[in-house]
Each structure stands twice: as C-alpha cells, then as structure tokens.
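Structural features, examined
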Amino acid sequence: DGGYRHIAQHARSSILVAAGASGKAAIDTVHLDIADLDGLASEAQDAAAVGFAATACIHPDQVATIREAYRPTPEEIAFARELLDAAAGQRGVFRFRGQMVDGPVLRHAERVMRRVR
C-alpha cells in the first residue's frame, strides 16, 4: 500500500538517530512512484517533522513537492523567531508561552530558521 513496513521504519529511525548523534544530516529515502506527488508530499512532510534534513528524489518533477514539504509555515517561522529572541536574555531552561524551553527546543527553532534560508 506504499506504507513503510516495521523493519523499514526501524531502519529509517535508526539512521535518523545515528546521524543526529554524530552531528550529520540525515537524508530520507526516495519515493519510488514518480507520479504520486501526494504520497511524496506526505512522506516528505513526515520526514521534515521528525528531523530529516532532506528527502532524496529520483525525478525532477519531485523537487518542488519536496521543497514545499520542508518549507516552514509562516506560523512556525514566527514562533521560532520569537522563541530565539526570548532566549537571548536567558540562561539555562526557561519558560516561553507556558512551555519549558531547553537546548533541544532551541536547536529545533534554529533548524526551522535554517530551513527558511
């Protein structure tokens, strides 16, 4: 049905964790059905959400779909920008909009801003 089987999900997750632990960018796998841009968009959105740096493609028609999936929304950009501005005067863990903010949360906001560029 086009979904990942458990072993593929495990391998994909393991690569993401290993890349993150070594400070390397993880690139998600290709979507084989070139004409299935909706399926590609869904997979690429999931990959971006879990922390992949990019999704590989096998056809030029897939590029725009993948770029759109990794492009942060205006709301994500505004939140990340405001969070990083608030963090400038903070030391250690702090509260922002009722949420705890620590190193991983700040790194996520920084990744969002890098995706804007």
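Up top is the structure.
As the structure is a prediction and not an experimental result, all values here were calculated from the model. (Residues numbered from 1 in each chain as written. Predicted model: local features only at pLDDT ≥ 70, side-chain atom pairs only at ≥ 80, totals over all residues. Heavy atoms only, no water.)

Side note on a positive patch on the surface
Together, Arg-107, Arg-111, Arg-114 and Arg-117 line one region of the surface with positive charge. Within the secondary structure layout, Arg-111 lies in helix α5 (residues 103-116). (Patch = residues over 30% accessible without salt bridge, like charges linked within 9 Å, V, L, I, M, F, W, Y side chains within 5 Å. Areas by Shrake-Rupley, 256 points an atom, 1.4 Å probe, with all protein chains shown as cover. Salt bridge = Lys/Arg side-chain N within 4 Å of Asp/Glu carboxyl O. Lys, Arg positive; Asp, Glu negative; His and termini not counted. Charge placed at Lys NZ, Arg CZ, Asp CG, Glu CD. Helix = DSSP H or I, 4+ residues; strand = E, 2+ residues; numbered from the N terminus.)

Thoughts on the environment of Gln-99
You can see Gln-99 is positioned in strand β4 (residues 99-101). Excluding anything up to four places from it in sequence, Gln-99 contacts Phe-79 and Phe-94. (Contact = heavy atoms within 4.5 Å.)

With respect to helix α3 (residues 63-70)
If you check which residues of α3 are buried, you get Thr-65, Ile-66, Ala-69 and Tyr-70. Considered in projection along α3, the buried side chains sweep an arc of 125° and stay on one side of the axis. In α3, the exposed residues that point more than 90 degrees away from the buried face are Ala-64 and Arg-67. Residues of α3 that are buried sit in contact with α2 (37-50), β2 (54-55) and α5. (Buried < 20%, exposed > 50% of the residue type's maximum accessible area, 1.4 Å probe, protein only. Arc of directions from axis to C-beta.)

Observations regarding the side chain of His-31
Relative to the elements of secondary structure, His-31 occurs in the loop between β1 (27-28) and α2. Residue classification places His-31 among the buried residues on the basis of a relative accessible area of 8%. One polar contact links His-31 to Asp-36, side chain to side chain, over a distance of 3.1 Å. Among residues more than four places away in sequence, those in contact with His-31 are Asp-36, Gly-39, Leu-40, Glu-43, Ile-58 and Gln-62. (Polar contact = N/O pair within 3.5 Å; in protein donor to acceptor, adjacent residues only side chain to side chain.)

Here we look at the layout of surface pockets
Space inside the largest pocket adds up to approximately 630 Å³. Around the largest pocket, the lining is made up of 28 residues, and of these Gly-51, Phe-52, Ala-53, Arg-111 and Arg-114 lie nearest the centre. Counting only elements with at least two residues in the lining of the largest pocket, the list comes to α1 (6-21), α2, β2, α3 and α5. The biggest single contributor to the lining of the largest pocket is α5, with 5 residues. Considering only residue class, the lining of the largest pocket consists of 14 nonpolar, 7 polar and 7 charged. (1 Å grid on protein atoms, 1.4 Å probe; cavity = no way out; pocket = protein on both sides within 12 Å on 5 of 7 lines; lining within 4 Å. Points joined across faces, edges and corners; volume = space filled by probe spheres on them. Nonpolar A, V, L, I, M, F, W, Y, C, P; charged D, E, K, R; others polar.)

Comments concerning the packing of helix α4 (residues 74-87) against α5
In a packed pair of helices, the relevant descriptors are the angle between the two axes and the axis-to-axis distance. Where α4 contacts α5, the two axes come as close as 9 Å, and the packing angle between them is 130°. Between α4 and α5, the angle is such that the two are oblique. When the axes of α4 and α5 are compared, the crossing they make is left-handed. Contact residues: Glu-76, Ile-77, Ala-80, Arg-81, Leu-83, Leu-84 and Ala-87 in α4; Val-105, Leu-106, Ala-109, Glu-110, Val-112, Met-113 and Val-116 in α5. (Axes fitted to C-alpha atoms, helices over the stretch in contact; angles between N-to-C directions. Parallel < 35°, antiparallel > 145°, perpendicular 65-115°, else oblique. Left-handed = near helix turned anticlockwise from the far one by under 90°.)

Thoughts on the environment of Thr-73
Mapped onto the secondary structure, Thr-73 falls in the loop between α3 and α4. Here the alpha-carbon distance between Thr-73 and Leu-32, two residues 41 residues apart in the chain, equals 27 Å.

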